[in-house]
Amino acid sequence: IKNGVDAKADIRLGTPATASDGRTTVAVTATNSADSSKSFAVQVDFTDKNGKLLDAVVVTVPDVPAGGSGKGTARSTHGLSGDVRAKVSRAVRY
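What counts and how
Residues numbered from 1 in each chain as written. Predicted model: local features only at pLDDT ≥ 70, side-chain atom pairs only at ≥ 80, totals over all residues. Heavy atoms only, no water. Helix = DSSP H or I, 4+ residues; strand = E, 2+ residues; numbered from the N terminus. Rg over C-alpha atoms; globule rule 2.2 N^0.38 Å. Buried < 20%, exposed > 50% of the residue type's maximum accessible area, 1.4 Å probe, protein only. Contact = heavy atoms within 4.5 Å. Areas by Shrake-Rupley, 256 points an atom, 1.4 Å probe, with all protein chains shown as cover. Lys, Arg positive; Asp, Glu negative; His and termini not counted. Charge placed at Lys NZ, Arg CZ, Asp CG, Glu CD. Core = buried A, V, L, I, M, F, W, Y, C linked by side-chain atoms within 4.5 Å. Pairing = 2+ DSSP bridges.

We now examine the overall build of the protein. Summing up its helical and strand segments, the protein has zero helices and eight strands in all. What you see for the protein is a C-alpha radius of gyration of 14 Å, in line with the 12 Å of a compact globule of 94 residues. Overall, the C-alpha framework of the protein stretches about 40 × 25 × 20 Å when taken along its three principal axes. For the protein, the residues scored as buried account for 37% of the 94 residues in total. Once local pairs closer than 6 in sequence are excluded, the contacts in the protein between residues at least 24 apart make up 66%. Here the protein has roughly 5400 Å² of accessible surface; of this, 46% comes from carbon and sulfur atoms. Within the protein, the 9 negative side-chain charges are centred at a point lying 2 Å from the centre of the 13 positive side-chain charges.

Residues I11, V28, F40, V42, V44, F46 and A74 are the most contacted members of the largest nonpolar core, which totals 18 residues. Looking at this core, the elements that each hand over two or more residues are strand 4 (23-31), strand 5 (38-47), strand 6 (53-64) and strand 8 (85-93). If near-sequence neighbours (up to four positions away) are discounted, I11 is found in contact with V28, T29, A30, F40, V42, V88 and A91.

In this section: the sheet that holds strand 8. The four strands lie next to each other as 1-8-5-6, forming an open sheet whose pairing is antiparallel. This sheet does not close on itself; its edge strands, each paired only once, are strand 1 (5-6) and strand 6. Note that strand 5 and strand 6 share nine bridges and pair antiparallel. By the bridge assignment, K38 is partnered in strand 6 with V64.

On to the environment of V64. With respect to the helices and strands, the residue V64 is situated in strand 6. Taking the C-alpha atoms as reference, V64 lies 9.8 Å from R93; in sequence the two are 29 residues apart.

As structure tokens, then:
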């Protein structure tokens, strides 16, 4: 991503939940502290309780207004079981 800025501190995740198809989902909220509309690319890692990586996905939160927030949903690529946790691995504002 050209001219991207590290935005990991501007991202908040909700609590992971299991969807009806068995995939894990988590709400992603991006807060835009810039003075113009920006988009965010966020890598969410799904791990087990010991921190072992189970899956990783990238979600885009587009066109977040200056000073505002935008929402997206990270969804695992396959069914995950056990005590699944989510963390922001990387986030870029562009």
